[in-house]
Amino acid sequence: MEIILTVNGTELTVSWEDNESVAEIRSYLENESITATLNRYGGFEQTGALPQTFTRNDVQVTTIPGDIVLYLGNQICLYFDNNTWAFTKLGHIEGLSDEEIRELLDTDSVEITLELK
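First things first, this report covers the structure right here in the doc. (Residues numbered from 1 in each chain as written. Predicted model: local features only at pLDDT ≥ 70, side-chain atom pairs only at ≥ 80, totals over all residues. Heavy atoms only, no water.)

**Concerning the nonpolar core**
For the record, the criterion: Buried residues of nine kinds, namely Ala, Val, Leu, Ile, Met, Phe, Trp, Tyr and Cys, make up a nonpolar core once their side-chain atoms join them within 4.5 Å. When accessible area is computed with a 1.4 Å probe and restricted to protein chains, residues below 20% of their type maximum are described as buried, those above 50% as exposed, and intermediate ones as partly exposed. Note on contacts: a residue pair is in contact if any heavy atoms of the two residues lie within 4.5 Å.
Judged by nonpolar contacts, the single largest core of 29 residues is most densely connected at L5, V7, W16, I68, I76, L78 and I112. Excluding anything up to four places from it in sequence, L5 contacts T10, E11, L12, V14, W16, I68, L78, I93, I112, T113 and L114.

Next up, the structure:
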């Protein structure tokens, strides 16, 4: 089953990483979906709390628009610009230009849903 990310009602295509964190999120989603409100932070991302802490495998990375990362094990971040920090990469939004990603995410807040389909 595929993890589906919806942002403000728009279903997005995501290329998910093959790592322990994504596997744990997929396992969580077998029982219930995740809905979260994310808030703009730092002029480059939307970030918000997850319902539990997931395994971290942080490495120093520079994000690009469309990257999805796990921060501190219990925060999900969707990037619309660049940032360098130690994160666990979860995936990348596909099929949208940097401009389209910025248009979707560069707002005060967004509501996301993660579910299996």
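**Brief notes about the pattern of salt bridges**
Filter applied, for reference: For this analysis, a salt bridge means a side-chain nitrogen from Lys or Arg found within 4 Å of a carboxyl oxygen belonging to Asp or Glu. Put simply, DSSP H or I for four residues or longer makes a helix, DSSP E for two residues or longer makes a strand, and each gets a number counted from the N terminus.
On inspection of all chains with the given rule, the structure shows 7 salt bridges. Residue D106 is joined to R40 by a salt bridge in which the shortest nitrogen-to-oxygen separation is 2.8 Å. Taken together, the residues D106 in the loop between helix 2 (98–105) and strand 9 (109–116) and R40 in strand 3 (residues 34–41) connect sequence positions 66 residues apart. The exposure class assigned to R40 is partly exposed, which follows from its relative accessible area of 34%. Across the pair D108 and R40 runs a salt bridge, and its minimum N-O distance is 2.6 Å. Separated by 68 residues along the polypeptide, D108 in the loop between helix 2 and strand 9 and R40 in strand 3 bring together distant segments of the chain. For D108, a relative accessible area of 59% puts it in the exposed group. What you see here is one network of salt bridges that share partners, running through R40, D81, R102, D106 and D108.

**Structural notes on the packing of aromatic side chains**
Selection criterion: Pairing of aromatic rings covers Phe, Tyr and the six-membered ring of Trp, with a centre-to-centre limit of 6.5 Å; geometry is then stacked below 30 degrees between planes, edge-to-face above 60, and tilted otherwise.
Tallying each qualifying case throughout the model produces 5 aromatic pairs. Site record: aromatic cluster; members linked through ring pairs are Y41, F44, Y71, Y79 and F87.

**Section: the pairing of strand 2 (residues 10–16)**
Cut-off, in case you're wondering: For two strands to count as paired, DSSP must find a minimum of two bridges between them.
As judged from the 3 bridges shared by strand 1 (residues 3–7) and strand 2, these two strands associate in the antiparallel manner. Across the sheet, residue T6 finds its bridge partner in strand 2, namely E11. Hairpin connection from strand 1 to strand 2: 2 residues lie between these consecutive antiparallel strands, with N8 at a positive phi of about 50 degrees. Direction of pairing for strand 2 relative to strand 8 (residues 84–94): antiparallel, over a ladder of 4 bridges. When the bridges of strand 8 are listed, S15 appears paired with H92.

**Digging into unusual backbone geometry**
The phi torsion at N8 lies on the positive side, around 50 degrees, for a residue other than glycine. Looking at where N8 falls in the secondary structure, it is placed in the loop between strand 1 and strand 2. Judged by relative accessible area, which is 46%, N8 ranks as partly exposed. The backbone of L72 shows a phi angle near 60 degrees, a positive value even though the residue is not glycine. If you trace the backbone, L72 turns up in the loop between strand 6 (67–71) and strand 7 (75–79).

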